[in-house]
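# Analysis of the macromolecular model
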Amino acid sequence: MASVALFPGLSDELGLDIEYTQAGNLRLIESPEYAQTMQTDIGRQQDLGLDVRWLNADDVAAMAPALAPAAILGAGYCPTDGHVNPFRLTVGYFQAARRAGADSLIGREVRAITQTDGGGAMVQAGPHTIRAATVVIAAGAGSAALCQLMGVPLPLTPFCHQSMITEPLPPLFAQMFGTLPAGLYFRQTTHGGVHFGGGDSIRRAEAHTTPQTLRYMTGRITRLLPMLRGVNVLRAWGGVDAHTPDGMPVIDRLSEAALVATGFSGHGLALGPIVGRYLARWLETGRKPALLSPFGAGRFKAAL
Amino acid sequence: MTEIIVIGAGPAGVAAAVTAAEAGARVTLIDENSLPGGQYFKQAALPAPASLPPTLAENFRQGQALLAGLSHKNITFRGNTLVWNVTPDRTVSLYGPAGPETLAAAQLIIAAGAYERVMPFPGWTLPGVMTVGGAQLLLKGQRLLAGQRILLAGTGPLLQVAGVQLLEAGAEIVAIAELQPLGSIIARSPRFLGHRDKVKLALNNARRLKRAGVPVKFGYAIVRATGENEVSGAVIARVDAAGHPRPGPESALAVDTVCLNFGFAPDTRLTQLAGCKHHFAERFGGWAAITDDNMETSQPGIFAVGEVRGIGGVEAALPEGRLAGQVAARKSGYRTDESAGPTRRAARRARALVGQLNTVFAVKPGLMTLAQDDTLICRCEEISAGQLRAAIREGITTLNNLKPWTRAGMGRCQGRICGPILAHLLAAETGLEAQSAGQFTVRPPVKPVPLSTLLPQNNNDEVAHDK
Amino acid sequence: MTATRLGHPRPEPSFTIMVNGRPVEAWPGESIAAVLLAAGRRVFRQTAGHAPRGFFCGMGICFDCLITLNGVPNVRSCVTPAAPDCVVEAPE
């Protein structure tokens, strides 16, 4: 919820339009067996104070007329959710960091991280050696190898996740969509392309696509949006997420000179900004913010 | 499973298909175009007119001779069919008249060819500015002359070859702006050794152009094209050894058509998707598939021939195609009459000679200064040189980082046009070698296809995939 | 600028395609790009940034020569054959 509050102001804060669209999130129900599950979920979330509600088929049709009405029984709706352009978000943060005085090295592989005698960190990146009081490891699926460099094993599993984007289309809908059971999500980008992903996440560290998953995703989305059948797909790609055994991130101190924030298990984009803010506070004050306390690496001791 | 699939029906692919078929193998030859021949031997779907301009007639005759071999009963030609994905297990995804389809092959020969390299300048997106190859394809495939007053600009022998073809077809060639100074071409003339036919042709072309009064300006580049809705003028200027325009007078030319060619770039999209290893081969047009002496890539059973191995022209394409056809047929259990030895030597010799020649007509880094900050580099997404330079100043050093940062290369052409330019731009701005910019990671489909192409083809795909 | 058909007039019968509601003469085997160029039309589309674009690579890789054909947007005119039922939309 803290994260949701952060996004609307980010474009102004970063000085770059991150194409944030806050039009809600619909989790679409296509079969009766899941309607009950969704309504139970909604009840539980409402008890926690979340603004979520059930939409019947007519409500969904009114909200997103582009969807095939016959395919949808209803949806769980959370009006405060949104979507964002991940590239713009990253570039915005990068540029803001540079403006604030951060140096950058892009395209260099970190080969060694060591703790210096003085208690600081020394990082070897290509031909460069960088010294700092603290090193923060936030390298997604690459984090496990970096933590290993420091002698700390983390139970991270790489999962390749695939998505596709169509050529630009006139505006169809502004909401973010998912399904229950999971397996498909989609949104229309500011640029106009329908971006969708899902299918099986495959346990591997290589980011290429697999024809079977592309076909599966295509089958799912064309049932919900039949008009896409004749629309050109521009590209399909894979990305690797770091998953933890419990699906929650690892945000912890590795040593006197190193912090880690990884294992977002597919939720890195939504959580990245808020976690970054708390990490910064941690670095500034030297005290771990209470909000981050559930995410210690110690909870996986048994798994290693 | 098909015995042998050949992708691309240009000179290399046709040579491979015919050789393998004659050895007894069953071959499926696939091409996106309706007719075989590739771009070099472009065939027209129109009936041949009684008289073609002589150089076009000669190209047509040579093409017909090569393509006659495709009538072999072992060859199935599938035209109008795009191969939009290849996986390392030699499965190809097709989109064609019969709808979506996947085929698997025991041996896969990739002869995907090349595309033209173009350098940007103000006005290069105006209608009427086109590639030299585009104007040639209109002549060969459509029997259509693109313009009346034509400027050809860029570098390489193709400018004069096309100049003669357009002249014969009835155009006025206002000028040919060749980037290399004549002195440097002459100084490098030893590199023409072994190219007797080419030199003869080049001298012949030069004489024809001279007789027609065509000014061939060596050491010149086009610096801008002008016009409202289509090109109506062009400005050329002298450039120095590094390709920077020299201070001094420019020549403004009244033209209705500008044709550009700065060499070619290998189309390695399919070999990249197949997981084959590539290397940066400056003299062969940049990133190219690596093969062994038998044209086999780092992926067993996947061959790369012709331009995919690096720009080698028809001279390298034909023996390389024959060699791959021989080897693939033998791996499929067919005995070929001739030993592969002589073909292998012919392929190696042709490749080495062309490599020498290519170095005479290299693109020069100074040309990148022609692109003003408001000049578009990525034509699809309309990303300007200024936007890209700003990103490079932020520390971006590779094509794969420029793409999400700026959207350059994210459009429909998938970076085919801007990719080689971006490598030059990165090199110019950072001082790094062009090869350090890397290649764009290739994403399927290699060209946009309707989503229906990817629909499940059997029930196996219908099972839930949630982990 | 009007492109010139070689060997014209062609012996085989022509047909017409519709371009923005007006008939344009075409011959069997011609691409839609060739028909448009021969009719003196060089601007095939306007980009999102309102710039004119037309024929560029001629071999189906640059995606500059896109037209709307029979209601389907973004069709590459240089690799699409003209046929008697073609209805093309292009900017005036």
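Counting from 1, residues in each chain are numbered in the order their sequence is written. Numbering of ligands from 1 and lettering of chains from A proceed in the order in which they are written. Thresholds applied to this predicted model are a pLDDT of at least 70 for local features of residues and 80 or more for the giving and counting of side-chain atom pairs; totals over whole chains, interfaces and linings are not thresholded and use all residues. Heavy atoms throughout the structure, all of them, feed into the side-chain values; hydrogens and water do not.

### Concerning the overall build of chain C
Convention followed: To qualify as a helix, a DSSP run of H or I must reach at least 4 residues; to qualify as a strand, a run of E must reach at least 2; elements of each kind are numbered from the N terminus. Computation of the radius of gyration draws on C-alpha atoms, with the globule rule given as 2.2 Å multiplied by the number of residues to the power 0.38. For every residue, the accessible area (1.4 Å probe, protein chains only) is compared with the maximum for its type, and the residue is labelled buried under 20%, exposed over 50%, or partly exposed between those bounds. For this analysis, residues touch if any pair of their heavy atoms sits within 4.5 Å.
For chain C, the count of helices and strands is 1 helix and 8 strands. Traced from its N-terminal end to its C-terminal end, chain C shows the element sequence β-β-β-α-β-β-β-β-β. Radius of gyration (C-alpha) of chain C: 13 Å, near the 12 Å computed for a compact globule of 92 residues. When its C-alpha atoms are laid out on the principal axes, chain C stretches across 40 × 25 × 20 Å. In chain C, which comprises 92 residues, the proportion classed as buried is 57%. Considering only intrachain contacts with a sequence separation of at least 6, the fraction spanning at least 24 residues in chain C is 38%.

### Remarks on the overall build of chain B
For clarity, the threshold we go by: Accessible areas in this description were obtained via Shrake-Rupley with a 1.4 Å probe; residue shielding takes into account the shown protein chains only.
A tally of regular secondary structure across chain B gives 12 helices and 23 strands. The C-alpha atoms of chain B give 22 Å as radius of gyration, which agrees with the globular expectation for 467 residues (23 Å, within 12%). Within the span of chain B, comprising 467 residues, buried residues form 61% of the whole. In chain B, once contacts between residues fewer than 6 apart in sequence are set aside, the share between residues at least 24 apart is 67%. When the accessible area of chain B is evaluated, it comes to approximately 17400 Å², of which 52% is carbon and sulfur surface.

### Quick notes on the interface of chain C and chain B
For clarity, the cut-off: Buried area is calculated as the accessible area (1.4 Å probe) missing from two parts once they are joined, with the contributions of both summed. Criterion for a salt bridge: a side-chain nitrogen of Lys or Arg within 4 Å of a carboxyl oxygen of Asp or Glu. Three categories are distinguished: nonpolar for Ala, Val, Leu, Ile, Met, Phe, Trp, Tyr, Cys and Pro, charged for Asp, Glu, Lys and Arg, and polar for the others, with Gly belonging to the last.
Taken together, the 38 residues of chain C in the interface contact 47 residues of chain B. Summing the contributions of chain C and of chain B, the shared interface buries around 3400 Å²; its carbon and sulfur component is 60%. Of all residues in chain C, the largest losses of buried area upon contact with chain B belong to Leu6, Arg42 and Phe56 of chain C, amounting jointly to 23% of the total for that side. Linking chain C to chain B there are 3 salt bridges. Among the salt bridges present, the one from Arg379 of chain B reaches Asp64 of chain C, with a minimum N-O distance of 2.5 Å. Mapped onto the side of chain C that touches chain B, the elements with two or more residues apiece are β1 (4–5), α1 (32–38), β5 (52–53) and β7 (72–76) of chain C. In terms of residue class, the side of chain C that touches chain B is made up of 20 nonpolar, 10 polar and 8 charged.

### Some thoughts on helix α4 (residues 158–168) of chain B
All names here are of chain B. Buried residues dominate α4, accounting for 9 of its 11 residues. Within the sequence span of α4, burial applies to Leu158, Leu159, Gln160, Ala162, Gly163, Val164, Gln165, Leu166 and Glu168. In the stretch just after α4, Gly170 is the one whose phi turns positive, near 115 degrees.

### Details of the sheet that holds β7 of chain C
Residue and element names in this part refer to chain C. The criterion, for reference: A pair of strands counts as paired when DSSP detects no fewer than two bridges linking them. All axes are obtained by fitting lines to C-alpha atoms, using only the stretch in contact for helices, and the reported angles, taken between N-to-C directions, cover 0 to 180 degrees.
On the basis of which strands lie adjacent, the open sheet formed by 5 strands has the order β3-β2-β8-β6-β7 and mixed pairing. Looking at the sheet topology across the chains shown, the edges are occupied by β3 (22–26) and β7. With direction set aside, neighbouring strand axes in the sheet form an average angle of 40 degrees. Bridging between strand β2 (residues 15–19) and strand β8 (residues 87–89) involves 2 bridges; their strand directions are parallel. Each residue of the ladder has a partner; that of Val19, found in β8, is Val88.

### Details of the nonpolar core
Filter applied, for reference: We define the nonpolar core as a collection of buried residues of types Ala, Val, Leu, Ile, Met, Phe, Trp, Tyr and Cys that are connected through side-chain atoms lying within 4.5 Å of one another. The start and end points of each domain follow an automatic or database-based domain assignment.
Leu151, Ile222, Val258, Ile377 and Leu422 of chain B are the most contacted members of the largest nonpolar core, which totals 68 residues. For this core, the element with the most residues is helix α12 (residues 418–430) of chain B, which contributes 6 residues. Structurally, this core is a two-domain feature, drawing no fewer than three residues from each of domain 2 (118–262) and domain 3 (371–437) of chain B. Apart from the residues within four sequence positions on either side, Leu422 of chain B is in contact with Ile377, Leu388, Leu399, Leu402, Ala408 and Phe440 of chain B. Among the nonpolar cores identified, the runner-up in size contains 49 residues, and Ile72 of chain A together with Ile5, Leu82 and Leu94 of chain B belong to it.

### Observations concerning the packing of aromatic side chains
The way to describe two aromatic rings as a pair is by their centre distance and the angle between their planes. For clarity, the cut-off: Paired rings are identified among Phe, Tyr and Trp, the last through its six-membered ring, by centres lying within 6.5 Å, and are further divided according to the angle between planes into stacked (under 30 degrees), edge-to-face (over 60) and tilted (the rest). In this analysis the charged atom, NZ for Lys or CZ for Arg, is taken to sit over a ring once it is within 6 Å of the ring centre and within 35 degrees of the ring normal.
This model, assessed by the stated rule, comprises 8 aromatic pairs over all chains. Judged by centre distance (5.0 Å) and plane angle (80 degrees), the ring pair of Phe94 of chain A and Trp405 of chain B falls under edge-to-face. Residue Phe94 of chain A is found in helix α5 (residues 86–99), and its partner Trp405 of chain B is found in helix α11 (residues 399–406); the two belong to separate chains. The two residues Phe94 of chain A and Trp405 of chain B agree in class, both being buried. Relative to Phe186 of chain A, the ring of Phe177 of chain A has its centre 4.7 Å away and its plane inclined at 10 degrees; by these criteria the two rings are stacked. Like Phe186 of chain A, Phe177 of chain A is buried. Through successive ring pairs, a cluster of aromatic residues spans Phe173, Phe177 and Phe186 of chain A. A cation sits over an aromatic face here: Lys140 of chain B above Tyr40 of chain B, 5.2 Å from the ring centre. Sitting above the plane of the Phe60 of chain B ring, Arg143 of chain B keeps its charged end 5.5 Å from the centroid.

### Details of the environment of Arg229 of chain A
By secondary structure assignment, the location of Arg229 of chain A is in the loop between α7 (211–224) and β12 (232–243). Residue classification places Arg229 of chain A among the partly exposed residues on the basis of a relative accessible area of 41%. The contact partners of Arg229 of chain A, leaving out residues within four places of it in the chain, are Thr222 of chain A together with Pro450, Leu451, Ser452 and Leu455 of chain B.

### Notes on the interface of chain B and chain A
For an interface, size is often stated in terms of accessible area lost upon the parts coming together. Contacts between chain B and chain A engage 37 residues on the former and 41 residues on the latter. In total, about 3400 Å² of surface goes out of reach between chain B and chain A, with carbon and sulfur atoms giving 56% of it. Counting across the interface, chain B meets chain A through 2 salt bridges. Between Arg412 of chain B and Glu167 of chain A there is a salt bridge whose closest N-O contact spans 3.1 Å. Of all the elements in the fold, those that place two or more residues in the side of chain B that touches chain A are β4 (82–87), α11 and β23 (449–450) of chain B. When residues of the side of chain B that touches chain A are assigned to their parent elements, the largest contribution, 4 residues, is made by α11 of chain B. Classifying every residue of the side of chain B that touches chain A by side-chain character gives 15 nonpolar, 11 polar and 11 charged. Relative to β23 of chain B, β12 of chain A runs antiparallel, the two sharing 2 bridges.

### Notes on the confidence of the model for chain C
Using the following cut-off: Each residue carries a pLDDT value, the predictor's own confidence for that position, ranging from 0 to 100.
Taken over all residues, the pLDDT of chain C has a mean of 95, while the share at 70 or more is 100%. In the predicted complex, the global pTM is 0.94; the interface-specific ipTM is 0.98.

### What to know about the confidence of the model for chain B
Interpretation of the predicted coordinates at a detailed level should be avoided for regions scoring low in pLDDT. A residue-level look at chain B finds 97% of positions with pLDDT of 70 or above and a mean pLDDT of 93. In this model, residues 459–467 of chain B is a region of pLDDT below 50 whose contacts with residues beyond four sequence positions or in other chains number 19 contacts.

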